[in-house]
Amino acid sequence: MPTEIFLQSPLDMHIHLREGAMLDLVAPLSAETFAGGVIMPNLVPPVADLERLEWYMGEVRRAVGEHIFTPYMALFFRNYSEADLAAVREHIIGIKLYPEGVTTNSEGGVKSLSDAEQTMAMMQDMDIPLLVHGEVPESFVMDRESDFLPIYDELAQKFPRLKIIMEHITTAAAVKLLDRYENVHATVTLQHLLITLDDVAGGLLNPHLFCKPIAKRPEDRDALLHAALTAHPKLMFGSDSAPHPLEKKECCGCAAGVFTAPVALAMLAELFDAHDALDKLQAFVSGNAQSIYGLRPPAKTVHLLKEPCTVPAKYGDVVPIRSGGEIGWRVV
Ligand code: DOR
Ligand code: ZN
């Protein structure tokens, strides 16, 4: 049984870094252990033009400081002209589509998917990946993702050369969809590999595990975990780490989002070790993403030891997953 591992250029393929003081707090925490990440554009207002994208990339780079960390920028989906897409293309990894109102800061999201098809067709022609928050906002909360799966079917068939990423999948049915279409891929979070709805609301309510999409049933968690532990080649790690200040979490009207970035890699090592699958972790946290997106991340070796460490109760005013608890692995 290994008691240490070395990971090459781990990547977090879905992360919320925010702006201002929150960005300054959380960006270095990701950059300490990851070599790059896909930066979500759901600021207020969203990152939905080249000027704002360049500003935001500069902010992220400034906040990351001396760490080796490449921000792969995602643009907020709206209807773009061909000229817009041509101008922004070399600066982004993809365009993130939020159905209107589906989650935090998605008010400017897509109202009608049929109106979005022209932009998608141009993205297909220009090789710009489409990243999707795949939930139907009007559906019952447990069914929002499964109700969206037929939309993925439709998009995958209508745009067979468009690279589609199902972001933060939470269901066994979504895992199955990966094998149906060559052009469909997915990210999965740490929390959705670990928890079910029981951990959020089955006993005393835990607001720090409340996120969108919400955690589902044990059989969903198990299907996600199996796909991750076998390093399914179309599945990538994307933490969806989503920091909110404590007063926005421990209140009535709790914001959605689990803050995992600073402990994600150590907890993944612990999880993969517990299932005797440490040999699959490199592909899950970097190799698969490199193949899917054709990335060449900066070289960065991260050394992890099988030694217990205690998770801080808070980082600034943000409470992390497993706050105050122990992890069996730590980043050196
Ligand atoms: O739980 C979530 N929080 N899900 C999302 O899709 C957005 C995120 C956030 O930005 O806080
Ligand atoms: Zn997200």
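Structure's up top.
Only a predicted model underlies this, so the values are computations on that prediction, with no experimental measurement involved.

Caption draft 1: View of the site of ligand 1. The environment of ligand 1 is formed by 13 residues, the closest being Arg18, Asn42, Lys212, His244 and Ala256. Contact distances for ligand 1 include 3.4 Å between an oxygen atom and a side-chain N or O atom of histidine 16. With respect to ligand 1, the backbone of glycine 257 contributes an N or O atom lying 3.2 Å from an oxygen atom. In isolation ligand 1 exposes 290 Å². Once the protein is present, 99% of that is buried. Class assignment of the residues belonging to the shell around ligand 1 gives a composition of three nonpolar, seven polar and three charged.

Caption draft 2: Expanded view of the pattern of salt bridges. Inspection of every chain in the model, using the stated rule, returns 12 salt bridges. Aspartate 125 serves as the salt-bridge partner of arginine 161, at 3.5 Å between the closest nitrogen and oxygen. Taken together, the positions of arginine 161 in the loop between α5 (144-158) and β7 (164-166) and aspartate 125 in helix α4 (residues 117-126) put the pair 36 residues apart, joining distant regions of the chain. With relative accessibility at 54%, the residue arginine 161 sits in the exposed group.

Caption draft 3: View of the side chain of glutamine 124. Mapped onto the fold, glutamine 124 is located in helix α4. A distance of 2.8 Å separates a polar atom in the side chain of glutamine 124 from the backbone nitrogen of arginine 161. Residues contacting glutamine 124, with those up to four places away along its chain left out, are Phe159, Pro160, Arg161 and Leu162.

Caption draft 4: Seen up close, the environment of isoleucine 321. As for its placement among the helices and strands, isoleucine 321 is situated in the loop between β11 (309-310) and β12 (326-327). Owing to a relative accessible area of 6%, isoleucine 321 belongs among the buried residues under this scheme. Residues isoleucine 321 and leucine 209, spaced 112 residues apart in sequence, show a C-alpha to C-alpha distance of 7.2 Å. Contact partners of isoleucine 321, with chain neighbours within four places excluded, come to Gln191, Leu209, Val258, Phe259, Thr260, Val263, Met267 and Val311.

Caption draft 5: Inspection of the pairing of strand β8 (residues 184-188) at higher detail. Most of β8 is tucked away, with five of its five residues classed as buried. Side chains Val184, Ala186 and Val188 project from β8 onto one buried face, and the interleaved His185 and Thr187 project onto a second face that is buried too. As judged from the three bridges shared by β7 and β8, these two strands associate in the parallel manner. The partner of methionine 166 across the bridge, within β8, is alanine 186. Of the strand pairs in this sheet, β8 and strand β9 (residues 235-237) are connected by three bridges, and their pairing is parallel.

Scoring rules and cut-offs
- Residues numbered from 1 in each chain as written.
- Chains lettered and ligands numbered in written order.
- Predicted model: local features only at pLDDT ≥ 70, side-chain atom pairs only at ≥ 80, totals over all residues.
- Heavy atoms only, no water.
- Near = heavy atom within 4 Å.
- Polar contact = N/O pair within 3.5 Å; in protein donor to acceptor, adjacent residues only side chain to side chain.
- Areas by Shrake-Rupley, 256 points an atom, 1.4 Å probe, with all protein chains shown as cover.
- Nonpolar A, V, L, I, M, F, W, Y, C, P; charged D, E, K, R; others polar.
- Salt bridge = Lys/Arg side-chain N within 4 Å of Asp/Glu carboxyl O.
- Helix = DSSP H or I, 4+ residues; strand = E, 2+ residues; numbered from the N terminus.
- Buried < 20%, exposed > 50% of the residue type's maximum accessible area, 1.4 Å probe, protein only.
- Contact = heavy atoms within 4.5 Å.
- Pairing = 2+ DSSP bridges.

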